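# Structure assessment
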Amino acid sequence: MSTVFNAFWNPIVAKEYRSRMRTWRSPLAMTVYILLIGGLGWAIFAAMAYSSRNNYNNGGQAANYGQGLFIYLLIFQMVLLTFITPALTAGAISGEREHQTIDLLFVTRIPPFSILWGKLLASMSFVLLLLLLSVPIFSLVFLFGGIEIDQVLVAFLITAVAALTLGIIGIACSTAFHRTLPATVAAYGAAFVLLAGSLLYGLLFPTDANPQSTTAAAPPAITYLSPIIPLITIATNGPVGGFGVRNQGGGFSGYGATSCSSSANGGPQTCYPVAPNGQALGKGYYGPNGPIQQASGTAIPSGLFQGWQYWQATVVMQLILDLCALSISAFLLPPVRRFPRRRAAKAA
């Protein structure tokens with residue numbers, strides 16, 4: 001029991017807690033964070049109410065208030081944490097080197113992994129505090145309906161895991177660089193790649209839909225590293241809407257004939273696949289085995305994580321990335337690295 005307690009609580013954690021929460025920066029950061037989240041929620045609600053009054057459709061618009069407000073708050077909170085978390089961890093180790101206090105940590109009995117874990121736990125506790133402070137604002141979406149409690153819980157889990165990944169990336173950059181400035185720049189660059197770069201990859205290199213298949217195509221697996229996709233699917237309770245998928249041919253293939261009709265005003269033609277008996281089958285993509293299914297629900301239709309929820313694939317991939325980054329950081333942190341085989345050879 002004491003070993004487990006010491007693994008999660010060591011002098012590094014106690015020191016970081018005291019030094020972080022006794023300054024004026026932490027209360028100021030929490031105040032600004034809540035003001036930004038609350039201000040955005042008020043602005044979005046005001047814009048929706050104004051649009052509803054102009055469209056004379058109060059009932060229809062009010063039904064979408066909760067879902068729309070929830071989506072914008074989730075995305076904005078994720079963007080805020082992307083800016084906050086690397087700044088908390090990028091100087092954790094490089095700052096000790098700059099202040100010439102890293103040697104004092106090395107002469108203690110605390111192993112390198114515990115040093116990294118202590119720095120990370122202190123920073124992530126502050127991020128968790130920010131998430132808890134935003135819960136009352138997010139609870140306002142229940143007043144408008146359209147959002148369930150399980151959606152909020154899963155969304156906060158995705159956000160917390162994404163923040164943990166950003167924190168570990170900052171720790172890794174702080175360990176790899178000896179100065180805080182390059183470590184911070186590298187941490188923000190990695191955060192941009194994680195948040196937006198993976199989405200950009202899905203736009204530049206989408207998955208080609210196979211016309212011979214009857215299952216819907218899914219975006220490339222690397223796009224699941226970004227928490228944006230699972231947050232959107234959780235908030236809308238639906239698929240990502242064709243993101244990262246490119247349909248080959250752009251028409252109907254291998255299923256009877258095609259009937260096209262021109263619009264009255266000379267616009268583009270509308271084409272329908274026609275069965276051998278002349279019956280119109282409706283719009284869509286058809287293959288030799290029947291109509292190609294469109295993605296529905298929040299499950300991944302095909303690919304490496306077929307049948308998984310989007311958020312499950314994201315959490316698993318980010319946790320694997322966290323474990324690799326933390327292991328590399330623990331290996332790079334000590335000034336002298338001794339391998340078991342080398343020690344055995346010297347003893348012989």
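Throughout what follows, the structure given in this document is the object of discussion. Counting restarts for each chain, with residues numbered from 1 along the sequence as it is written. Residue-level local features of this predicted model are given only where pLDDT is at least 70; pairs of side-chain atoms are given and counted only at 80 or more, and the full residue set underlies all totals for whole chains, interfaces and linings. Computation of side-chain values: all heavy atoms of the structure, hydrogens and water removed.

Turning our attention to the packing of helix α12 (residues 228-236) against helix α13 (residues 310-332). Relative placement of two packed helices is described by the angle separating their axes and the distance separating the axes. Helix axes use the C-alpha atoms of the stretch in contact, all axes being lines fitted to C-alpha atoms, and the angles between their N-to-C directions lie in the range 0 to 180 degrees. Put simply, DSSP marks the helices as runs of H or I at least four residues long and the strands as runs of E at least two long, and each gets a number from the N terminus on. The N-to-C vectors of α12 and α13 enclose an angle of 155 degrees; their axes lie 8 Å apart at closest approach. With respect to α13, the axis of α12 lies roughly antiparallel. By crossing handedness, the relation of α12 to α13 is classed as left-handed. Note on element contacts: α13 touches α12 through Y310, W311 and T314, opposite I229, P230, T233 and I234. Each residue gets one of three labels, nonpolar for Ala, Val, Leu, Ile, Met, Phe, Trp, Tyr, Cys and Pro, charged for Asp, Glu, Lys and Arg, and polar for the others, Gly among them. Its residues placed into classes, the contact of α12 with α13 shows 5 nonpolar, 2 polar and no charged. Note that the term roughly parallel is reserved for angles under 35 degrees, roughly antiparallel for angles over 145, roughly perpendicular for angles of 65 to 115, and oblique for everything else. Each crossing gets its hand from how the near helix is turned against the far one by less than a right angle, where anticlockwise is left-handed and clockwise is right-handed. Only heavy atoms matter for contacts: two residues are in contact if any of them lie within 4.5 Å across the pair.

With respect to the helices and strands, L225 occurs in the loop between β1 (207-209) and α12. Classification of L225 by relative accessible area gives buried; the value is 19%. Each C-alpha atom, one on L225 and one on L199, is 8.7 Å from the other, the two residues being 26 residues apart in sequence. The residues contacting L225, other than those within four sequence positions of it, are L194, S198, T314, M317 and Q318. Relative accessibility thresholds used throughout: buried, under 20% of the residue-type maximum; exposed, over 50%; partly exposed, between the two (1.4 Å probe, protein chains only).

Residues are called lining when one of their atoms sits within 4 Å of a cavity or pocket point, these points coming from a 1 Å grid over the protein atoms alone, where a cavity is a set in which a 1.4 Å probe fits but cannot get out and a pocket is an open set with protein on both sides within 12 Å along at least five of seven lines. Grid points are joined across faces, edges and corners, and a volume is the space filled by probe spheres set on the points. Counted as a void, the largest pocket has a volume near 620 Å³. In terms of lining residues, the largest pocket is bounded by 22 residues, among which E16, R20, R25, A87 and L88 are the most central. Only α2 (11-21), α3 (25-55), α5 (65-89), α6 (94-98) and α8 (112-133) provide two or more residues apiece to the lining of the largest pocket.

In this section: the packing of α8 against helix α10 (residues 149-176). The geometry of α8 relative to α10 is characterised by a closest axis approach of 10 Å and an angle of 145 degrees between their N-to-C directions. The crossing of α8 and α10 is right-handed. Seen from α8, the contacting residues are L116, K119, L120, M124, V127 and L131; seen from α10, they are F156, T159, A160, A163, L164, G167, I168, I171 and T175. Its residues assigned to classes, the contact of α8 with α10 comprises 11 nonpolar, 3 polar and 1 charged.

The next subject is the pattern of salt bridges. Here, a salt bridge means any Lys or Arg side-chain nitrogen found within 4 Å of an Asp or Glu carboxyl oxygen. Per the counting criterion, the structure on display carries 1 salt bridge. The closest approach of N and O atoms between K119 and E96, which form a salt bridge, is 2.6 Å. Separated by 23 residues along the polypeptide, K119 in helix α8 and E96 in helix α6 bring together distant segments of the chain. Comparing K119 with E96, the two get one shared label, buried.

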